[in-house]
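For reference, the chains in residue letters:
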Amino acid sequence: MPVLDSFIAGLPKAELHVHHVGSASPRIVAELAARHPDSPVPTNPESLADFFTFRDFAHFVEVYLSVVDLIRDAEDVRLLTYEVARDMARQNIRYAELTVTPYSSTRRGIPDTAFVEAIEDARKSAESELGVVLRWCFDIPGEAGLEAAEETARIACDLRPEGLVSFGLGGPETGVPRPQFKPYFDRAIAAGLHSVPHAGETTGPQTIWDALVELRAERIGHGTSATRDPKLLAHLAEHRIPLEVCPTSNLATRAVADLEQHPVKEMVAAGVLVTINSDDPPMFGTDLNTEYGVAARLLELDAQGVAALAKNAVDASFLDPAGKAALRAEIDTYTAAWRG
Ligand SMILES: [Zn+2]
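The rules behind each value
Residues numbered from 1 in each chain as written. Predicted model: local features only at pLDDT ≥ 70, side-chain atom pairs only at ≥ 80, totals over all residues. UniProt positions renumbered as here; feature names shortened; annotations may be inferred. Helix = DSSP H or I, 4+ residues; strand = E, 2+ residues; numbered from the N terminus. Buried ≥ 20, exposed ≤ 12 C-beta atoms within 10 Å, placed from the backbone. Right-handed = clockwise from strand over helix to strand, strands pointing away. Pairing = 2+ DSSP bridges.

In the nomenclature of an unreviewed UniProt entry, the protein is known as Aminodeoxyfutalosine deaminase of Streptomyces olivoverticillatus. As stated in UniProt under Cofactor (unreviewed entry), the record for the protein gives "Zn(2+)".

> Before we move on, could you go through unusual backbone geometry and cite the residues and values that matter?
Phi at arginine 160 is positive, roughly 35°, even though this residue is not glycine. With respect to the helices and strands, arginine 160 occurs in the loop between α8 (145-159) and β4 (164-170). Among the residues examined, arginine 160 registers 13 C-beta atoms within 10 Å and is labelled partly exposed. Look at arginine 216: it is not a glycine, yet its phi comes out positive at around 50°. With respect to the secondary-structure elements, arginine 216 resides in the loop between α10 (205-213) and β7 (220-222). For arginine 216, a count of 15 C-beta atoms within 10 Å corresponds to the partly exposed category.

> So what's going on with the pairing of strand β3 (residues 133-141)? Which residues, and what values?
Put simply, side chains in a regular strand alternate between the two faces of the sheet. The buried fraction of β3 is high, at nine of nine residues. By the alternation rule, side chains of β3 split into Val133, Arg135, Cys137, Asp139 and Pro141 and Leu134, Trp136, Phe138 and Ile140, which are all buried. Between β3 and its parallel partner β4, the chain crosses via α8, and the hand of that crossover is right-handed.

> Hey, could you go over the UniProt feature "domain: Adenosine deaminase" (unreviewed entry) in the protein for me, with residue numbers and the actual values?
This chain's UniProt record puts "domain: Adenosine deaminase" (unreviewed entry) on residues 12-333. For residues 12-333, helix accounts for 51% and strand for 14%, while the C-alpha atoms at its two ends are 10 Å apart.

> I'd like to hear about the sheet that holds strand β9 (residues 274-276), residue by residue, with values.
The four strands lie next to each other as β6-β7-β8-β9, forming an open sheet whose pairing is parallel. Of all the strands in the sheet, the pair left with one neighbour each is β6 (198-199) and β9. Relative to β7, β6 is paired through two bridges, and the arrangement is parallel. In the sheet register, histidine 198 faces β7, and the bridge partner there is glycine 221.

Okay, structure coming up:
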């Protein structure tokens, strides 16, 4: 293992843009599939590896939906959540804001209270047993429209689980204008949640402006097209609005043609607070450590630079000040020991 990769592997990290179902690794999918033998998803490791080999975006959607189909009761939700935390612990991820889509489960018949209890139960076990602190971003699946927005806002505001910190919006951007979701974000913000919509991943800078102006975004999911608008880049830098950059995901979905053309370098040069994330890691054949390796290469970073990038994620997180200070100190101690 090259030296920088081993530094990254041991580095304590925070992740801010990673999806719940999208984090189901082959190991987790095998466990879920074993609970539901009628599912077409293979359970043996070899066929599963093939099932997970990324071919194109349509294949990603197919895999994603097959995994969604395996989450049929509260125990599946609890198992998925806890096992995702186990995969995080292995990568030395100490804190993660996991994007959860309650609507996908409630519309499939899992009662909202059972869903919330399952993720909260997994969160508490993950923290005490694995040392991974999880927080939730409940997101609207944009393609499901206003009905999904209403349901997501209702669950977020009425049930308000202890681990919930933010409100998001995912799914396709084309044909799903951001401003229509304003009333739901207004409700979530009034209830004390932070606004973190996806924007500018597959559409232009106007979507990011809409997220900022209409949805009062405090961080932007992806924001890949921000570099096409110098005024927007300057605005993001000036107001310290972080971008959640997910390089391999952008390549897999063709948001960027190749990694060398990824705009992350321009974002950093413009003074924007950039965080590195994995999005739907097993489905894109990656993990957070791999993404840090990609970023280190694109940004030409040494260990100190990678540690600074890890601290960006801590700063951009919704951890309380004491939690931020503790994680920053952990990063510093690790980096100092590694250099010594
Ligand atoms: Zn995402």
